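Each chain, letter by letter, is given below.
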Amino acid sequence: NRRGQRLLSRMVVSQWPLTVSQMWEDPSTFRAIFYSMLLAVQVGLQPILMKECVSHSVIDASLAFIQELCKLVLALIVIQMGGGLRHCAKGWTLQGSLRFAALPAVNYAVQNMLMFHAYHHVDFIAFNLLNQTKLLSTALFVYLLIGHKQSKMQIVALVMLVFGAFLLAGEAKRSSSLPTPTGNNFWLGVVPLWIASMLSGFGGALSQLALVSRNSFVYSLELAVYSIVVFGLMILLLPASVFKDRDRIVSEGLLAGWGHATVLPVAVQAAGALCIGQVTKYAGGVKKGFAIVCGIL
C-alpha cells in the first residue's frame with residue numbers, strides 16, 4: 001500500500017544522508033547517486049520492455065548472450081571516451097583478471113539465463129519485488145567475504161523487503177495453475193528467480209571486492225568476455241538434457257524468434273549492467289539494491 005511505499009522510500013533515501021554541496025564536492029558520491037538514478041530508471045522500465053518486445057518463442061539463452069555482446073560494445077565505447085583501453089586498464093594482468101572476473105562471469109551467465117527464463121512466467125511487479133530477495137543474499141555475502149555490517153535501518157528495510165517477496169511468492173504458488181500468460185508460475189518463474197537472486201548476491205559481493213582496485217568499466221568488459229566464452233562452452237560441451245536451449249540454437253539459429261524490437265530491452269539491460277558496476281564501486285552492493293528498490297517504487 002501507499003503507506004508502506006512511503007516508509008520504504010524513506011528508508012531508501014536514508015542511505016544517502018548528504019546535502020547538495022557535499023554531493024558536488026565529492027565526485028565519488030556524485031557518481032554513486034547519478035548512476036543509482038539511471039539504474040532505478042532501467043529497473044523500472046526493464047520488465048515492461050521485456051513483456052512488450054520479447055516474444056515467448058525467443059530462446060532465453062540468446063537474450064543472455066546478446067546482452068553480453070551489447071555490454072562488451074558499450075563498455076568499449078565508454079572506455080574509449082575515458083582515455084582508451086590502455087589508459088583505463090593500466091596495471092591489468094591476466095592472472096588478476098582470472099582471479100577477480102572469471103568466477104563472477106560464470107555466476108552472472110547462469111543468473112542471466114535464469115532471469116530471462118523467469119521473465120516469461122511472472123508479471124513485472126512480482127518479478128521486480130521477488131528479485132529483491134538478492135538484497136538479503138548480498139548483505140550476507142558482503143559480510144562473509146568483506147566484513148561489512150549493515151545499519152539497523154538497512155536491516156529493517158531488508159526484512160520488510162524479503163517479507164513482501166515471500167508474500168508475493170505464496171500468491172504466485174496459489175495461482176501457478178492458471179493458464180494466463182501474465183500469471184505468476186511458482187516453479188517456472190518464482191523458483192528460477194530465487195536461485196538467480198541468490199547468485200546475484202554472491203556475484204555482487206565478489207564484484208564489490210574486486211572493484212576496490214579495478215576500473216568498473218574494464219571490469220564490466222572482462223565479465224562480458226568471460227560470459228561469452230562460458231556461453232560458447234555451454235553450447236559445445238553440455239548435453240541437451242542439461243542445456244535445454246542447445247538443440248533449438250543448433251537447428252533454428254541463435255536469433256530464432258527475434259524481431260526488430262527485441263534488441264531494445266537487451267541493450268537497456270546491458271546499459272543497466274554498466275550502471276551496476278559504477279554503483280557497486282562507489283556505493284556498495286547493498287546500496288545498489290536500495291537504488292533498485294527506487295526503480296520498483
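Given the structure is predicted, the values throughout are model-derived calculations rather than measurements.

K.L.:
Hey, could you run me through the nonpolar core in this one?
P.N.:
Across soluble globular proteins, nonpolar side chains show a tendency to be buried alongside one another. Core analysis: the largest hydrophobic core is formed by 51 residues, its most contacted members being A61, L63, F127, F231, F243 and I249. Looking at this core, the elements that each hand over two or more residues are α3 (27–53), α4 (60–81), α6 (94–119), α7 (124–131), α10 (186–210), α11 (216–237) and α13 (263–283). Beyond its immediate stretch of four places on either side in the chain, I249 contacts I59, A61, F231, I235, F243 and L254. Core analysis: the second largest hydrophobic core is formed by eight residues, A101, Y108, A210 and Y226 among them.

K.L.:
Just to check I follow, could you spell out the pattern of salt bridges for this structure?
P.N.:
Close approach of charged atoms lets side chains of opposite charge pair. Counted according to the given criterion, the structure contains three salt bridges. With a closest N to O distance of 2.6 Å, E222 and R214 form a salt bridge. Here E222 and R214 have matching classes, each one buried.

K.L.:
Is there a simple way to think about the packing of α4 against α11 in this case?
P.N.:
The description of two helices packed together rests on the angle between their axes and the distance between the axes. Viewed as axis vectors pointing N to C, α4 and α11 meet at an angle of 150°, and their least axial separation amounts to 9 Å. Between α4 and α11, the angle is such that the two are roughly antiparallel. Between α4 and α11 lies a crossing whose hand is left-handed. Every residue of α11 that contacts α4 at A61, F65, E68, L69, K71, L72, A75, L76, V78 and I79 is listed here: F217, V218, S220, L221, L223, A224, V225, S227, I228 and F231.

K.L.:
Just to check I follow, could you spell out the layout of surface pockets for this structure?
P.N.:
Which parts of space are left empty comes out when a probe the size of a water molecule is rolled across the atoms. Considered as a void within the structure, the second largest pocket measures approximately 370 Å³ in volume. D60, V110, M113, L114, H117, M234, L238, V242, F243, K244 and D245 are the residues that line the second largest pocket. In terms of residue count, the dominant contributor to the lining of the second largest pocket is α6 (four residues). Its residues assigned to classes, the lining of the second largest pocket shows seven nonpolar, one polar and three charged.

K.L.:
Would you take a moment to explain empty space enclosed by the protein for this structure?
P.N.:
All told, the structure shown has three cavities of 30 Å³ or more when counted by the stated rule. Counted as a void, the largest cavity has a volume near 480 Å³. If you trace the largest cavity, you find 33 residues lining it, with Q111, Q269, G272, A273 and I276 closest to the centre. Those elements giving two or more residues to the lining of the largest cavity turn out to be α3, α4, α6, α7, α10, α11, α13 and α14 (285–296). Of the residues contributing to the lining of the largest cavity, the split by class is 13 nonpolar, 16 polar and four charged. Within this model, the second largest cavity holds a volume of roughly 70 Å³. If you go around the second largest cavity, the residues you meet are A64, F65, E68, A109, N112, M113, S227, I228, F231 and M234. In terms of residue count, the dominant contributor to the lining of the second largest cavity is α11 (four residues). Residues belonging to the lining of the second largest cavity are distributed by class as follows: seven nonpolar, two polar and one charged.

Scoring rules and cut-offs
Residues numbered from 1 in each chain as written. Predicted model: local features only at pLDDT ≥ 70, side-chain atom pairs only at ≥ 80, totals over all residues. Heavy atoms only, no water. Core = buried A, V, L, I, M, F, W, Y, C linked by side-chain atoms within 4.5 Å. Buried < 20%, exposed > 50% of the residue type's maximum accessible area, 1.4 Å probe, protein only. Helix = DSSP H or I, 4+ residues; strand = E, 2+ residues; numbered from the N terminus. Contact = heavy atoms within 4.5 Å. Salt bridge = Lys/Arg side-chain N within 4 Å of Asp/Glu carboxyl O. Axes fitted to C-alpha atoms, helices over the stretch in contact; angles between N-to-C directions. Parallel < 35°, antiparallel > 145°, perpendicular 65-115°, else oblique. Left-handed = near helix turned anticlockwise from the far one by under 90°. 1 Å grid on protein atoms, 1.4 Å probe; cavity = no way out; pocket = protein on both sides within 12 Å on 5 of 7 lines; lining within 4 Å. Points joined across faces, edges and corners; volume = space filled by probe spheres on them. Nonpolar A, V, L, I, M, F, W, Y, C, P; charged D, E, K, R; others polar.

The values are spatial; any link to function lies outside them.
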